[in-house]
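Chain residues, written in single-letter form:
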Amino acid sequence: MPPTNGAIDKLDYHPGRPLLQDDDSGEHNSGRPTHPTGYAGSFFEQVAEGIVDRDRRRMRQELIRYLSFAYAIVACLCGGSITAYSLYGHLFQSRLHYSQLRVNGISIAAELGLYLPVPIFGYLCDRFGPGRPSLLAGLLFGFGYLVAAFAYRGGPPPDAGGQGWPFGVMVLAFAAVGMGTSCMYISAVTTCAKNFGRGKHKGLALAVPIACFGLSGMWQSQVGSRILYERRHDGTRGDVDVYRFFLFLGVLLLAVGIVGAFALRIIDEEEMIDEAVEELEQSGLLEDSEFFRRGYGTINERRHSSEAEADFLRREAEERKARAQEDARKKTWLLNEETRLFLSDHNMWWLAAGFFLVTGPGEAFINNLGTIIGTLYPPATSSTQIPTSAATHVSIVAITSTIARILTGTLSDLLAPATTLHQHRQGPNSLASSLASLPAAPAATRFTVSRLTFLLFFSLLLSLGQVLLASGLVQQHGERFWIVSALVGAGYGAVFSLVPILISVIWGVENFGTNWGIVAMVPALGATVWGVVYSA
């Protein structure tokens, strides 16, 4: 205890022990602290623990980011099953007695299901994350392929002289398959765009899953033609067993969609939303925004008034609830504003128009590979006399498309000139616009190639393939048909890789699912127009 006369001796102070704590053990004579570590040690231990926790949390987030990327690749490797349509499309004619117009009608129904609902599925990805669309994709795939399997097994429909299921059932089944394809595709690609779209390898991060989407048709067509095939009377391998092939696809894709509901995650979305809101706030475009004039401050006022309440637990609960409401309202407002800016940009409409003109002929070619090959020779020629097959060219299209997608994604990252991100958020009164008017410092020159240059080059490659086919160069020479398939596949794949990359670079990734979904609608119209032209 301290001396009774009120004087404090130097031995009464012991470092590492609270000043007002009594010393019942008499340790003050030894000069040793009561606690093994002092306050400074405790403080630095807490700092170290905080750093370790932060690093552990960051490592866990990076692990989830890359696991989501890996599963997005798996989903795309399985989700493009509709690209194998030409493997069995001709069997709808020979086995179910469908006309060429009906065969094309089924593919058009799948194309419409593939492209028209994409904005809705993109909207779901942006608002609720990619997990729910992935689950929905699995359910649509399971329903579509299982119904198609039993409709095929039933034989020709009544209006074709059989006792099978009506033609409309097959159309409905493939419309569901098309919707499942777009839903799984957009959930996987949106996951990659939002997790990696702000890095320097955004092109490759988008090109890899998109390329894998094209590869799915290749390996699935090989499974169908080499494993799930029918045997002829002499024991040789025949056509694909469509019933078993559809059952295989239905079960596989249902499982992929269910797992994707838990595996596809977006990391740091709150931080991305906050940065985008701050950019828009500084852009000068929001002077008339009700959200920023009135709504944005009300929650902060509520938070400050709640601090005067006596009940601490209730105050904390109200603050958490208010913060969650503010975040949800801010995200909804931002995504709506991004959609408005995207639709009001005339550049987007020109890009969509070019996308329509390029993808339509490519869709018609890919969907009708089997019947196109048949037109290279006289009608009396049997399939065994033709030196090539639809399965081979489905694989050629898939391989060249995959190479072109990865190549354009990688080269565009390396060679594209540096651009100002999110230019659509820079109003005339923004700080960025003011700085842009100042003289720029001389920059180091390097060889650059614009992403639009890549887009034009590969569009011309696709056109060249169509010209070679129309010229008659491959007529009676099926062994040359691979040139046409390779050119069309490369052009088609590159265009489908570069357009979403351009959208993510120019209009940002916060609303990527909705923005890309809007542009991805136009191939549906292209597929319909050129599909009808081909069948006619």
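What you see is a predicted model; the values in this text were computed from it and never measured. Sequence order sets the numbering: in each chain, residues are counted from 1 along the sequence as written. Confidence filtering applies because this is a predicted model: local features only for residues at pLDDT of at least 70, side-chain atom pairs given and counted only at 80 or more, and all residues used for totals across whole chains, interfaces and linings. Side-chain calculation: all heavy atoms of the structure are included, whereas hydrogens and water are not.

Soluble globular proteins: nonpolar side chains tend toward being buried together. Counting residues in hydrophobic clusters, the biggest one holds 111 residues, and the most contacted among them are Tyr88, Phe92, Met170, Phe174, Phe246 and Trp516. Put simply, DSSP marks the helices as runs of H or I at least four residues long and the strands as runs of E at least two long, and each gets a number from the N terminus on. If one sorts the elements of this core by residue count, helix H17 (residues 481-507) sits on top with 16 residues. The criterion is simple. A nonpolar core is a set of buried Ala, Val, Leu, Ile, Met, Phe, Trp, Tyr and Cys residues joined through side-chain atoms within 4.5 Å. We call a residue buried when its accessible area falls under 20% of the maximum for its residue type, exposed when it is over 50%, and partly exposed in between, using a 1.4 Å probe and counting protein chains only.

Lines fitted to the C-alpha atoms define the axes, with helices restricted to the stretch that makes contact. Angles between their N-to-C directions range from 0 to 180 degrees. One way to put it is that helix H2 (residues 85-94) packs onto helix H3 (residues 100-115) with a least axis distance of 9 Å and a crossing angle of 145°. At the point where H2 passes H3, the crossing takes the right-handed sense. Contacts between H2 and H3 involve Tyr85, Gly89, Phe92 and Gln93 from the first element and Gln100, Val103, Ile106 and Ser107 from the second. As a working rule, the residues Ala, Val, Leu, Ile, Met, Phe, Trp, Tyr, Cys and Pro are called nonpolar, Asp, Glu, Lys and Arg charged, and the rest polar, with Gly in that last group. A class-by-class count of the residues in the contact of H2 with H3 yields four nonpolar, four polar and no charged. Handedness of a helix crossing follows the sense of rotation of the near helix relative to the far helix, less than a right angle counterclockwise being left-handed and clockwise being right-handed. Any two residues whose heavy atoms approach within 4.5 Å at even a single point are treated as in contact.

For serine 412, the location among the structural elements is in helix H14 (residues 390-415). Those residues within four positions of serine 412 in sequence are excluded, and the remaining contacts are Arg451, Phe454 and Ile501.

With that settled, consider the packing of H2 against helix H8 (residues 242-263). Their axes nearest at 11 Å, the elements H2 and H8 cross at an angle of 135°. On the basis of the axis angle, H2 is oblique to H8. At the point where H2 passes H8, the crossing takes the left-handed sense. For the pair H2 and H8, contact is made by Leu87, Tyr88, Leu91 and Phe92 and by Val242, Phe245 and Phe246, respectively. Here the residues of the contact of H2 with H8 sort into seven nonpolar, no polar and no charged. Should an angle fall under 35 degrees it is taken as roughly parallel, and over 145 as roughly antiparallel, whereas 65 to 115 is taken as roughly perpendicular and any remaining angle as oblique.

To continue, consider the UniProt feature "transmembrane region" (unreviewed entry) in the chain. UniProt positions are given in the numbering used here, feature names are shortened, and annotations may be inferred rather than shown by experiment. Using the residue numbers shown here, the UniProt feature "transmembrane region" (unreviewed entry) corresponds to residues 63-85, 105-124, 136-155, 167-191, 242-264, 454-475, 481-509 and 516-534. Across residues 105-124 one finds 90% helix and 0% strand; the C-alpha atoms that close the span lie 28 Å apart.

Turning our eyes to something else, we now look at unusual backbone geometry. Note: most residues except glycine have negative phi, and most peptide bonds are trans. Even without a glycine there, the phi angle at histidine 97 is positive, about 60°. Within the fold, histidine 97 resides in the loop between H2 and H3.

Aromatic pairs are defined between Phe, Tyr and Trp rings, using the six-membered ring for Trp, whenever the two ring centres lie within 6.5 Å; interplanar angles under 30 degrees are classed as stacked, those over 60 as edge-to-face, and all others as tilted. Applying the stated criterion across every chain yields a total of 27 aromatic pairs. Ring geometry for phenylalanine 92 against phenylalanine 174: centres 6.1 Å apart, planes inclined by 80°, an arrangement best described as edge-to-face. Residue phenylalanine 92 is located in helix H2, and its partner phenylalanine 174 is located in helix H6 (residues 167-196); the two are separated by 82 residues in the primary sequence. By the ring-pair criterion, three or more aromatic residues cluster together here, those being Tyr85, Tyr88, Phe92, Tyr98, Phe141, Tyr145, Tyr152, Phe167, Phe174, Phe245 and Phe246. We count a charge as sitting over a ring when the NZ of a lysine or the CZ of an arginine lies within 6 Å of the ring centre and within 35 degrees of the ring normal. Against the face of phenylalanine 167 rests arginine 102, its NZ or CZ located 4.5 Å from the ring centre.

Turning our eyes to something else, we now look at the pattern of salt bridges. Within this document, salt bridges are pairs made up of a side-chain nitrogen of Lys or Arg and a carboxyl oxygen of Asp or Glu, the two lying within 4 Å of each other. Applying the stated criterion across every chain yields a total of eight salt bridges. As a salt-bridge pair, aspartate 239 and arginine 95 come within 3.8 Å of each other at their nearest N and O atoms. With aspartate 239 in strand E2 (residues 237-240) and arginine 95 in the loop between H2 and H3, the pair connects residues that are 144 residues apart, well separated along the chain. Judged by relative accessible area, aspartate 239 falls into the partly exposed class, the value being 32%. Taking relative accessible area as the criterion, arginine 95 reaches 32% and is therefore assigned partly exposed. We note a salt bridge from aspartate 241 to arginine 244, for which the minimum N-O separation is 3.2 Å. On the basis of relative accessibility, which here comes to 36%, the residue arginine 244 falls in the partly exposed class. Three or more residues are tied together by salt bridges with common partners; here these are Arg95, Glu230 and Asp239.

Throughout this description, disulfide means a covalent bond between two cysteine sulfur atoms. Only a pair of cysteine sulfur atoms within 2.5 Å qualifies as a disulfide here. By the definition in use, this model includes zero disulfides. Counting only cysteine sulfurs, cysteine 192 is the nearest neighbor of cysteine 76, a cysteine outside any disulfide, at a range of 6.8 Å. The buried category is assigned to cysteine 76, whose relative accessible area is 1%. Sulfur of cysteine 78: no disulfide; nearest cysteine sulfur belongs to cysteine 76 and is 9.5 Å away.

Secondary-structure assignment places valine 169 in helix H6. By relative accessible area, valine 169 is classed as partly exposed at 23%. Linking valine 169 and glycine 144, residues 25 residues apart in sequence, is a C-alpha distance of 9.7 Å. Those residues in contact with valine 169 that lie beyond four places of it in its chain are Val147 and Ala151.

Given a helix with a known number of residues, its expected span is that number minus one, times 1.5 Å. For helix H12 (residues 346-367), built from 22 residues, the straight-helix expectation of 32 Å at 1.5 Å per residue is met to within 8% by its first-to-last C-alpha distance of 32 Å. For a residue, the bend is simply the angle between two axes, fitted respectively to the seven-residue segment ending there and the seven-residue segment starting there. Taken as a whole, H12 carries its principal kink of about 30° at threonine 359; the proline proline 361 stands between one and four residues after it. Identification of polar contacts relies on pairs of N or O atoms within 3.5 Å, with a donor-acceptor requirement for protein atoms, meaning one able to donate a hydrogen and the other able to accept it, and with residues adjacent in sequence counted only if both atoms are side-chain atoms. Where H12 starts, the residue carrying a side-chain oxygen 3.0 Å from the main-chain nitrogen of asparagine 347 turns out to be aspartate 345.

Attention shifts here to the environment of leucine 67. Here leucine 67 is to be found in helix H1 (residues 39-79). Classification of leucine 67 as exposed rests on a relative accessible area of 52%. Distance in space between the C-alpha atoms of leucine 67 and leucine 264 is 8.2 Å, their sequence separation being 197 residues.

Our next topic: the confidence of the model for the chain. Per-residue confidence from the predictor is given as pLDDT, running between 0 and 100. Confidence along the chain averages 79 in pLDDT terms, with 77% of residues attaining 70 or more. Across residues 23-34 the pLDDT falls below 50, and counting only partners more than four positions away or on other chains, this stretch makes 17 contacts in the model.

This part is about the side chain of serine 216. Counting through the fold element by element, serine 216 comes out in helix H7 (residues 202-226). We classify serine 216 as buried; its relative accessible area is 0%. A polar contact is formed between the side chain of serine 216 and the backbone oxygen of phenylalanine 213, at a distance of 2.6 Å. Those residues in contact with serine 216 that sit more than four places away from it in its chain are Cys76, Leu77, Cys78, Gly79, Gly80 and Ser81.

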